Amino acid sequence: MSAADDGANRSLGQLVATATTELSALVHDEIALAKAELRQDAKRVGIGGGAIAAAGTLALFSLPVLSFAAAYGIHNLGLGLAWSFLIVGGAFLVIAAILGLLAVAKFKKVSKPEKSIASAKETAAVLGTVKPHPRPLVGTSQADASVTRSSV
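Residues numbered from 1 in each chain as written. Predicted model: local features only at pLDDT ≥ 70, side-chain atom pairs only at ≥ 80, totals over all residues. Heavy atoms only, no water.

A.B. asks: Please give an account of the overall build of the protein that cites residues and values.
C.D. replies: A tally of helices and strands in the protein yields five helices and zero strands. Beginning at the N terminus, the succession of helices and strands in the protein can be written as α-α-α-α-α. Counted over contacts in the protein with a minimum sequence separation of 6, partners at least 24 positions apart contribute 73%. When the accessible surface of the protein is split by element, carbon and sulfur atoms take 69% of a total near 11,700 Å². (Helix = DSSP H or I, 4+ residues; strand = E, 2+ residues; numbered from the N terminus. Contact = heavy atoms within 4.5 Å. Areas by Shrake-Rupley, 256 points an atom, 1.4 Å probe, with all protein chains shown as cover.)

A.B. asks: Which residues make up a nonpolar patch on the surface, and what values do they have?
C.D. replies: A surface patch of nonpolar side chains, amounting to about 520 Å² of accessible area, comprises Leu23, Val27, Ile31, Val126, Leu127 and Val130. Counting residues per element, the ones that place at least two in the nonpolar patch are helix H2 (12-76) and helix H4 (114-129). A per-element tally of the nonpolar patch places H2 first, with three residues. The residue Val27 is located in helix H2 in this model. On the basis of relative accessible area, Val27 is assigned to the partly exposed category, the value being 43%. (Patch = residues over 30% accessible without salt bridge, like charges linked within 9 Å, V, L, I, M, F, W, Y side chains within 5 Å. Salt bridge = Lys/Arg side-chain N within 4 Å of Asp/Glu carboxyl O. Buried < 20%, exposed > 50% of the residue type's maximum accessible area, 1.4 Å probe, protein only.)

Listed below in structure tokens is the structure:
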């Protein structure tokens with residue numbers, strides 16, 4: 001039995017059930033594709049967020065150190081204990097800057113789910129071009145044939 005014979009012998013209910021099943025499978029596939037793309041971007045956002053949190057923490061820790069260094073530096077006006085505090089505070093800021101640059105690089109790699117969007121647009125375009133087949137008018141008069149039928 002060919003595919004044309006199979007479609008011709010099925011009832012309207014069977015055809016609707018088949019179309020519903022295939023549409024449901026299509027929607028599930030679209031959702032699975034979107035999840036796969038978003039999972040990858042979520043991982044990048046997590047790493048970038050962690051780097052920003054670490055950079056913020058280190059910058060926060062550097063504030064008291066730099067404050068002590070400035071106070072000791074003004075007091076001593078020379079190399080001493082204050083310069084050691086200043087060096088440690090500067091090191092914290094350098095590390096915070098490196099982590100901040102890492103976070104920016106990770107956030108720039110995050111992109112929209114292009115494959116899912118393209119697939120959904122393609123599906124919408126295909127479904128938008130589908131038109132019902134007109135049924136032949138059997139046993140109607142000329143007056144009935146001139147009535148416009150809706151495509152629903």
